[in-house]
Amino acid sequence: QEQEKAKKREALQAAKEKAAELFHQLLLADPGAQKARDYLAKRGIPEEITKEFRLGFAPDSWNFLVNALPKQKIDTEAAKEAGLIVARDNGGFYDRFRNRLMFPITGLTGRVVAFGGRILDDGQPKYMNSPESPVFDKSRTLFGLYQNREHIRQAKNCLVVEGNFDLLSLVVHGVRNVVAPLGTALTQAHVRSLRGYTDEVILLFDGDQAGLKAAMRSVPLFLSEQVTARIAVLPEAHDPDTFVREFGREALGKHLETAMPLPEFVFDKLVAQYGSSIAGKTRIVAELQELIKAIGDQHLQRTLFVSHFAKKLGLTPQQLLGGVSPANETRNASPTASQGKGESQLPMKQRRLLEFLLTCPEYLPAFLE
(Lines give C-alpha, C1' and ligand atoms only; values in the text may rest on other atoms or scores of the structure.)
Protein backbone atom coordinates (compact mmCIF):
# COMPACT_ATOMS: atom_id res chain seq x y z
CA GLN A 1 0.00 0.00 0.00
CA GLU A 2 2.83 2.41 0.85
CA GLN A 3 4.53 1.63 -2.45
CA GLU A 4 1.26 2.30 -4.30
CA LYS A 5 0.88 5.66 -2.50
CA ALA A 6 4.48 6.61 -3.32
CA LYS A 7 3.97 5.66 -6.95
CA LYS A 8 0.79 7.77 -7.12
CA ARG A 9 2.51 10.79 -5.51
CA GLU A 10 5.36 10.50 -8.01
CA ALA A 11 2.90 10.41 -10.95
CA LEU A 12 1.12 13.54 -9.62
CA GLN A 13 4.38 15.43 -9.14
CA ALA A 14 5.61 14.44 -12.59
CA ALA A 15 2.36 15.76 -14.12
CA LYS A 16 2.66 19.09 -12.26
CA GLU A 17 6.34 19.46 -13.10
CA LYS A 18 5.70 18.85 -16.79
CA ALA A 19 2.75 21.30 -16.82
CA ALA A 20 4.93 23.94 -15.10
CA GLU A 21 7.60 23.46 -17.77
CA LEU A 22 5.05 23.78 -20.61
CA PHE A 23 3.41 26.89 -19.11
CA HIS A 24 6.82 28.49 -18.47
CA GLN A 25 8.09 27.95 -22.02
CA LEU A 26 4.87 29.41 -23.42
CA LEU A 27 5.27 32.55 -21.30
CA LEU A 28 8.89 33.04 -22.31
CA ALA A 29 8.58 32.50 -26.07
CA ASP A 30 5.09 31.90 -27.47
CA PRO A 31 3.56 34.80 -29.49
CA GLY A 32 0.16 34.01 -27.95
CA ALA A 33 1.55 34.82 -24.47
CA GLN A 34 2.39 38.43 -25.34
CA LYS A 35 -0.52 39.77 -23.25
CA ALA A 36 0.83 37.86 -20.23
CA ARG A 37 4.32 39.30 -20.77
CA ASP A 38 2.82 42.78 -21.15
CA TYR A 39 0.87 42.30 -17.91
CA LEU A 40 4.03 41.31 -16.00
CA ALA A 41 5.88 44.31 -17.44
CA LYS A 42 3.04 46.58 -16.30
CA ARG A 43 3.31 45.09 -12.81
CA GLY A 44 7.08 45.66 -12.81
CA ILE A 45 8.12 41.98 -12.79
CA PRO A 46 11.37 41.51 -14.80
CA GLU A 47 12.36 38.37 -16.71
CA GLU A 48 14.88 37.15 -14.10
CA ILE A 49 12.13 36.97 -11.44
CA THR A 50 9.80 35.32 -13.99
CA LYS A 51 12.46 32.64 -14.52
CA GLU A 52 13.35 32.21 -10.84
CA PHE A 53 9.71 31.66 -9.84
CA ARG A 54 9.00 29.73 -13.08
CA LEU A 55 5.95 31.85 -13.88
CA GLY A 56 3.92 30.57 -16.82
CA PHE A 57 1.00 31.15 -19.15
CA ALA A 58 -2.04 28.91 -19.62
CA PRO A 59 -3.44 29.67 -23.12
CA ASP A 60 -7.10 30.44 -23.77
CA SER A 61 -7.71 26.84 -24.84
CA TRP A 62 -9.92 24.04 -23.52
CA ASN A 63 -7.50 21.30 -24.53
CA PHE A 64 -3.88 22.58 -24.44
CA LEU A 65 -2.84 20.26 -21.57
CA VAL A 66 -5.34 17.56 -22.57
CA ASN A 67 -3.40 17.21 -25.84
CA ALA A 68 0.11 18.08 -24.65
CA LEU A 69 0.50 15.89 -21.53
CA PRO A 70 -0.02 12.46 -23.18
CA LYS A 71 2.74 13.37 -25.68
CA GLN A 72 4.98 13.94 -22.64
CA LYS A 73 4.12 10.44 -21.35
CA ILE A 74 1.92 11.86 -18.58
CA ASP A 75 -1.03 9.64 -17.69
CA THR A 76 -4.44 11.32 -18.16
CA GLU A 77 -5.72 10.02 -14.81
CA ALA A 78 -2.65 11.47 -13.05
CA ALA A 79 -3.24 14.83 -14.75
CA LYS A 80 -6.87 14.74 -13.62
CA GLU A 81 -6.01 13.91 -10.01
CA ALA A 82 -3.31 16.59 -10.06
CA GLY A 83 -6.09 19.09 -10.82
CA LEU A 84 -4.69 20.07 -14.23
CA ILE A 85 -7.59 18.74 -16.30
CA VAL A 86 -11.26 18.12 -15.46
CA ALA A 87 -13.52 15.26 -16.62
CA ARG A 88 -16.48 16.26 -18.81
CA ASP A 89 -19.92 14.91 -17.92
CA ASN A 90 -20.29 13.39 -21.38
CA GLY A 91 -16.78 11.90 -21.51
CA GLY A 92 -13.35 13.33 -22.26
CA PHE A 93 -11.50 16.12 -20.42
CA TYR A 94 -10.88 19.87 -20.54
CA ASP A 95 -8.14 22.15 -19.12
CA ARG A 96 -8.80 23.63 -15.68
CA PHE A 97 -6.57 26.71 -16.21
CA ARG A 98 -7.29 28.85 -19.28
CA ASN A 99 -6.10 32.35 -20.20
CA ARG A 100 -4.25 32.72 -16.92
CA LEU A 101 -0.87 33.86 -15.67
CA MET A 102 0.39 30.81 -13.79
CA PHE A 103 2.22 30.79 -10.44
CA PRO A 104 3.77 27.38 -9.72
CA ILE A 105 3.67 26.59 -5.99
CA THR A 106 6.88 24.84 -5.01
CA GLY A 107 7.09 22.47 -2.05
CA LEU A 108 10.14 22.35 0.22
CA THR A 109 11.62 19.56 -1.90
CA GLY A 110 11.84 22.02 -4.80
CA ARG A 111 9.15 20.31 -6.89
CA VAL A 112 5.90 21.90 -8.04
CA VAL A 113 2.95 20.78 -5.87
CA ALA A 114 0.22 23.13 -7.17
CA PHE A 115 -0.60 26.20 -9.26
CA GLY A 116 -2.23 29.54 -8.72
CA GLY A 117 -3.68 31.15 -11.85
CA ARG A 118 -4.56 34.84 -12.32
CA ILE A 119 -7.09 35.59 -15.07
CA LEU A 120 -5.83 37.95 -17.79
CA ASP A 121 -9.18 39.56 -18.63
CA ASP A 122 -12.38 40.36 -16.71
CA GLY A 123 -13.40 36.71 -16.19
CA GLN A 124 -14.09 35.03 -12.87
CA PRO A 125 -12.69 33.86 -10.57
CA LYS A 126 -9.84 36.37 -10.58
CA TYR A 127 -7.52 33.88 -8.85
CA MET A 128 -7.83 30.11 -9.02
CA ASN A 129 -5.72 27.56 -7.11
CA SER A 130 -5.21 23.87 -7.77
CA PRO A 131 -7.52 21.57 -5.81
CA GLU A 132 -5.95 19.73 -2.89
CA SER A 133 -4.30 16.40 -3.65
CA PRO A 134 -1.99 13.85 -1.98
CA VAL A 135 0.92 16.22 -2.74
CA PHE A 136 -0.80 19.56 -1.98
CA ASP A 137 -2.43 20.82 1.22
CA LYS A 138 -3.00 24.58 0.99
CA SER A 139 -3.25 24.94 4.78
CA ARG A 140 0.41 23.81 5.00
CA THR A 141 1.88 25.45 1.89
CA LEU A 142 3.26 28.99 1.55
CA PHE A 143 4.08 30.66 -1.76
CA GLY A 144 7.72 31.78 -1.86
CA LEU A 145 8.96 29.80 1.15
CA TYR A 146 11.11 27.49 -0.97
CA GLN A 147 12.72 30.35 -2.95
CA ASN A 148 13.14 32.67 0.06
CA ARG A 149 13.93 30.24 2.90
CA GLU A 150 17.63 31.13 3.21
CA HIS A 151 16.88 34.86 3.09
CA ILE A 152 14.36 34.37 5.94
CA ARG A 153 16.99 32.54 8.00
CA GLN A 154 19.52 35.34 7.45
CA ALA A 155 17.04 38.15 8.17
CA LYS A 156 15.86 36.32 11.35
CA ASN A 157 12.31 37.44 10.60
CA CYS A 158 9.71 36.82 7.92
CA LEU A 159 7.13 39.11 6.31
CA VAL A 160 3.74 37.59 5.55
CA VAL A 161 1.76 39.27 2.76
CA GLU A 162 -1.62 38.36 1.34
CA GLY A 163 -1.05 38.11 -2.43
CA ASN A 164 1.31 36.55 -4.97
CA PHE A 165 2.03 39.91 -6.64
CA ASP A 166 2.69 41.50 -3.24
CA LEU A 167 5.40 38.89 -2.73
CA LEU A 168 6.91 39.21 -6.22
CA SER A 169 6.95 43.00 -6.04
CA LEU A 170 8.82 42.90 -2.71
CA VAL A 171 11.31 40.41 -4.17
CA VAL A 172 11.88 42.73 -7.16
CA HIS A 173 12.76 45.52 -4.70
CA GLY A 174 15.24 43.32 -2.81
CA VAL A 175 12.98 42.24 0.07
CA ARG A 176 13.45 38.47 0.10
CA ASN A 177 12.34 37.43 3.60
CA VAL A 178 8.69 37.12 2.56
CA VAL A 179 5.98 34.47 2.04
CA ALA A 180 2.27 34.47 1.10
CA PRO A 181 -0.52 32.01 2.02
CA LEU A 182 -2.50 30.68 -0.92
CA GLY A 183 -5.69 32.72 -0.83
CA THR A 184 -6.48 31.46 2.64
CA ALA A 185 -6.02 32.67 6.21
CA LEU A 186 -2.84 31.74 8.07
CA THR A 187 -3.06 28.35 9.80
CA GLN A 188 -1.19 26.74 12.67
CA ALA A 189 0.63 24.54 10.13
CA HIS A 190 1.81 27.69 8.29
CA VAL A 191 3.17 29.19 11.53
CA ARG A 192 4.82 25.87 12.41
CA SER A 193 6.51 25.81 8.97
CA LEU A 194 7.89 29.31 9.53
CA ARG A 195 9.10 28.43 13.04
CA GLY A 196 11.69 26.19 11.40
CA TYR A 197 13.30 29.29 9.84
CA THR A 198 12.65 32.22 12.18
CA ASP A 199 11.35 33.20 15.62
CA GLU A 200 9.66 36.40 14.46
CA VAL A 201 6.97 37.04 11.87
CA ILE A 202 5.74 40.45 10.70
CA LEU A 203 2.26 40.53 9.16
CA LEU A 204 2.05 43.16 6.43
CA PHE A 205 -1.73 43.59 6.10
CA ASP A 206 -4.17 46.13 4.74
CA GLY A 207 -5.64 48.30 7.49
CA ASP A 208 -9.28 47.51 6.67
CA GLN A 209 -11.79 45.48 8.69
CA ALA A 210 -10.78 42.27 6.90
CA GLY A 211 -7.17 42.92 7.91
CA LEU A 212 -8.20 43.30 11.56
CA LYS A 213 -10.17 40.04 11.46
CA ALA A 214 -7.20 38.25 9.88
CA ALA A 215 -4.96 39.64 12.63
CA MET A 216 -7.35 38.51 15.39
CA ARG A 217 -7.59 35.01 13.94
CA SER A 218 -3.83 34.67 13.85
CA VAL A 219 -3.11 35.73 17.48
CA PRO A 220 -3.76 32.27 19.03
CA LEU A 221 -1.71 30.56 16.30
CA PHE A 222 1.43 32.52 17.12
CA LEU A 223 0.93 32.27 20.88
CA SER A 224 0.41 28.51 20.80
CA GLU A 225 3.47 28.00 18.53
CA GLN A 226 5.50 30.47 20.65
CA VAL A 227 6.48 32.56 17.62
CA THR A 228 6.76 36.33 18.12
CA ALA A 229 4.40 38.17 15.80
CA ARG A 230 4.15 41.85 14.95
CA ILE A 231 1.86 43.64 12.53
CA ALA A 232 2.50 46.61 10.25
CA VAL A 233 -0.68 48.12 8.84
CA LEU A 234 -0.25 49.86 5.51
CA PRO A 235 -1.69 53.31 4.76
CA GLU A 236 -5.21 53.33 3.35
CA ALA A 237 -5.54 52.40 -0.34
CA HIS A 238 -2.13 50.66 -0.33
CA ASP A 239 -1.10 47.04 -0.40
CA PRO A 240 2.55 45.84 -0.20
CA ASP A 241 2.85 45.87 -4.01
CA THR A 242 1.68 49.47 -4.50
CA PHE A 243 3.51 50.72 -1.38
CA VAL A 244 6.95 49.38 -2.32
CA ARG A 245 6.56 50.47 -5.96
CA GLU A 246 5.59 54.02 -4.95
CA PHE A 247 7.86 54.61 -1.95
CA GLY A 248 10.68 52.04 -2.33
CA ARG A 249 12.44 49.55 -0.10
CA GLU A 250 13.86 52.10 2.36
CA ALA A 251 10.42 53.54 3.13
CA LEU A 252 9.09 50.02 3.64
CA GLY A 253 11.93 49.30 6.08
CA LYS A 254 11.05 52.41 8.10
CA HIS A 255 7.39 51.44 8.07
CA LEU A 256 8.23 47.96 9.37
CA GLU A 257 10.06 49.52 12.33
CA THR A 258 6.66 50.78 13.53
CA ALA A 259 5.19 47.24 13.58
CA MET A 260 3.28 46.58 16.82
CA PRO A 261 3.23 43.31 18.77
CA LEU A 262 0.20 41.44 17.41
CA PRO A 263 -1.74 41.00 20.72
CA GLU A 264 -1.25 44.72 21.55
CA PHE A 265 -2.48 45.71 18.10
CA VAL A 266 -5.64 43.61 18.47
CA PHE A 267 -6.30 44.99 21.96
CA ASP A 268 -5.87 48.61 20.81
CA LYS A 269 -8.20 48.01 17.85
CA LEU A 270 -10.84 46.51 20.16
CA VAL A 271 -10.60 49.53 22.50
CA ALA A 272 -10.91 51.88 19.52
CA GLN A 273 -13.91 49.90 18.24
CA TYR A 274 -15.85 49.43 21.50
CA GLY A 275 -14.57 52.21 23.78
CA SER A 276 -13.73 51.97 27.48
CA SER A 277 -17.25 52.24 28.92
CA ILE A 278 -18.65 49.32 30.93
CA ALA A 279 -20.56 48.12 27.86
CA GLY A 280 -17.44 48.51 25.73
CA LYS A 281 -15.27 46.59 28.18
CA THR A 282 -17.88 43.83 28.25
CA ARG A 283 -17.59 43.48 24.46
CA ILE A 284 -13.77 43.55 24.66
CA VAL A 285 -13.75 40.84 27.35
CA ALA A 286 -16.04 38.66 25.19
CA GLU A 287 -13.68 39.03 22.19
CA LEU A 288 -10.58 38.33 24.31
CA GLN A 289 -12.22 35.27 25.88
CA GLU A 290 -12.63 33.81 22.38
CA LEU A 291 -8.92 34.34 21.76
CA ILE A 292 -8.03 32.79 25.13
CA LYS A 293 -10.07 29.67 24.30
CA ALA A 294 -8.25 29.37 20.99
CA ILE A 295 -4.81 29.54 22.63
CA GLY A 296 -5.46 26.06 23.98
CA ASP A 297 -3.19 24.24 26.40
CA GLN A 298 -0.12 26.48 26.25
CA HIS A 299 -0.38 27.35 29.96
CA LEU A 300 2.42 29.93 30.22
CA GLN A 301 1.38 31.78 27.03
CA ARG A 302 -2.25 31.74 28.13
CA THR A 303 -1.42 32.95 31.66
CA LEU A 304 0.80 35.78 30.44
CA PHE A 305 -1.84 36.87 27.92
CA VAL A 306 -4.61 36.85 30.54
CA SER A 307 -2.65 38.67 33.27
CA HIS A 308 -1.34 41.33 30.85
CA PHE A 309 -4.70 42.27 29.33
CA ALA A 310 -6.65 41.90 32.58
CA LYS A 311 -4.38 44.57 34.07
CA LYS A 312 -4.99 46.86 31.07
CA LEU A 313 -8.77 46.50 31.56
CA GLY A 314 -8.59 47.00 35.34
CA LEU A 315 -9.82 43.44 35.97
CA THR A 316 -8.46 40.42 37.79
CA PRO A 317 -7.23 37.50 35.66
CA GLN A 318 -10.18 35.44 36.96
CA GLN A 319 -12.65 38.06 35.78
CA LEU A 320 -11.13 38.10 32.30
CA LEU A 321 -11.26 34.32 32.22
CA GLY A 322 -14.88 34.39 33.38
CA GLY A 323 -13.82 32.28 36.36
CA VAL A 324 -14.91 34.48 39.28
CA SER A 325 -15.61 32.33 42.35
CA PRO A 326 -19.31 32.06 43.33
CA ALA A 327 -20.28 33.97 46.48
CA ASN A 328 -21.26 30.81 48.44
CA GLU A 329 -17.65 29.51 48.20
CA THR A 330 -16.50 32.59 50.10
CA ARG A 331 -19.23 32.20 52.75
CA ASN A 332 -18.31 28.56 53.32
CA ALA A 333 -14.64 29.34 53.95
CA SER A 334 -13.31 28.44 57.39
CA PRO A 335 -13.48 31.13 60.11
CA THR A 336 -9.69 30.94 60.51
CA ALA A 337 -9.10 31.76 56.86
CA SER A 338 -11.81 34.41 56.53
CA GLN A 339 -11.26 36.23 59.85
CA GLY A 340 -7.49 35.95 59.93
CA LYS A 341 -7.36 34.59 63.51
CA GLY A 342 -4.22 32.64 64.27
CA GLU A 343 -2.04 31.03 61.62
CA SER A 344 -2.75 27.84 59.66
CA GLN A 345 -0.02 25.24 60.14
CA LEU A 346 0.79 24.29 56.53
CA PRO A 347 3.45 21.88 55.34
CA MET A 348 6.48 23.78 53.98
CA LYS A 349 5.80 22.90 50.31
CA GLN A 350 2.20 24.12 50.52
CA ARG A 351 3.31 27.27 52.35
CA ARG A 352 5.84 28.05 49.59
CA LEU A 353 3.21 27.48 46.93
CA LEU A 354 0.77 29.81 48.71
CA GLU A 355 3.45 32.50 49.14
CA PHE A 356 4.28 32.22 45.43
CA LEU A 357 0.62 32.61 44.39
CA LEU A 358 0.18 35.62 46.70
CA THR A 359 3.33 37.24 45.30
CA CYS A 360 2.60 36.38 41.65
CA PRO A 361 -1.21 36.26 41.32
CA GLU A 362 -1.01 36.26 37.53
CA TYR A 363 -0.14 32.52 37.71
CA LEU A 364 -3.31 31.72 39.68
CA PRO A 365 -5.47 30.80 36.61
CA ALA A 366 -2.88 28.24 35.45
CA PHE A 367 -2.65 26.83 39.00
CA LEU A 368 -6.44 26.54 39.32
CA GLU A 369 -6.67 24.87 35.94
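Residues numbered from 1 in each chain as written. Predicted model: local features only at pLDDT ≥ 70, side-chain atom pairs only at ≥ 80, totals over all residues. Heavy atoms only, no water.

Asks: Where do I start with the nonpolar core in this structure?
Replies: Generally speaking, a soluble globular protein has its nonpolar side chains buried in company with each other. With 42 residues, the main nonpolar core has Leu 203, Phe 222, Leu 262, Val 266, Leu 288, Phe 305 and Leu 320 as its most contacted residues. Per-element tally for this core: the top contributor is helix H9 (residues 209-225), with 8 residues. Dropping the residues within four chain positions of it, Leu 203 is found in contact with Val 160, Leu 186, Ser 218, Phe 222, Arg 230, Ile 231, Ala 232 and Leu 262. (Core = buried A, V, L, I, M, F, W, Y, C linked by side-chain atoms within 4.5 Å. Buried < 20%, exposed > 50% of the residue type's maximum accessible area, 1.4 Å probe, protein only. Helix = DSSP H or I, 4+ residues; strand = E, 2+ residues; numbered from the N terminus. Contact = heavy atoms within 4.5 Å.)

Asks: Looking at this model, I keep getting lost on the environment of Leu 204. Mind explaining?
Replies: Relative to the elements of secondary structure, Leu 204 occurs in strand E10 (residues 200-205). According to the relative accessible area criterion, Leu 204 is buried, its value standing at 0%. Sequence-wise, Leu 204 and Leu 101 are 103 residues apart; in three dimensions their C-alpha atoms are separated by 24 Å. Once residues lying within four places of it in the same chain are set aside, the contact partners of Leu 204 are Val 160, Val 161, Leu 170, Ala 232, Leu 234, Pro 240, Leu 252 and Leu 256.

Asks: How do you make sense of unusual backbone geometry when you look at a structure like this?
Replies: Cis geometry marks the peptide bond from Gln 124 to Pro 125, where omega comes out at -10 degrees. Residue position: Pro 125 is located in the loop between strand E5 (112-119) and strand E6 (127-129). Unlike most non-glycine residues, Gln 226 shows phi in positive territory, near 55 degrees. Look at Ala 237: it is not a glycine, yet its phi comes out positive at around 75 degrees. In this structure, Ala 237 sits in the loop between strand E11 (228-233) and helix H10 (240-257).

Asks: Even after reading the chapter, I still don't get empty space enclosed by the protein, so can you show me in this structure?
Replies: Think of a ball as big as a water molecule: rolled over the atoms, this probe shows where empty space is left. Applying the stated criterion across every chain yields a total of 1 cavity of 30 Å³ or more. Within this model, the largest cavity holds a volume of roughly 60 Å³. Lining the largest cavity are His 299, Arg 302, Thr 303, Val 306, Leu 321, Pro 365, Ala 366 and Glu 369. Within the residue set of the lining of the largest cavity, elements represented by two or more residues are helix H13 (299-313) and helix H18 (364-368). With 4 residues, the single largest contributor to the lining of the largest cavity is H13. Each residue belonging to the lining of the largest cavity can be placed in one class, and the counts come to 4 nonpolar, 2 polar and 2 charged. (1 Å grid on protein atoms, 1.4 Å probe; cavity = no way out; pocket = protein on both sides within 12 Å on 5 of 7 lines; lining within 4 Å. Points joined across faces, edges and corners; volume = space filled by probe spheres on them. Nonpolar A, V, L, I, M, F, W, Y, C, P; charged D, E, K, R; others polar.)

Asks: What should I look at first to understand the pattern of salt bridges in this one?
Replies: Side-chain pairs of opposite charge can arise where the charged atoms are in close proximity. Scanning the entire structure with this criterion turns up 18 salt bridges. We note a salt bridge from Asp 241 to Arg 245, for which the minimum N-O separation is 3.0 Å. Within this pair, Asp 241 and its partner Arg 245 are both found in helix H10, separated by 4 residues, close to a single helical turn. On the basis of relative accessible area, Arg 245 is assigned to the partly exposed category, the value being 38%. Among the ionic pairs, Lys 293 bridges to Glu 290, the shortest N-O distance being 3.4 Å. Of this pair, Lys 293 and Glu 290 are both found in helix H12 (residues 278-295), 3 residues apart, which corresponds to roughly one turn of the helix. (Salt bridge = Lys/Arg side-chain N within 4 Å of Asp/Glu carboxyl O.)

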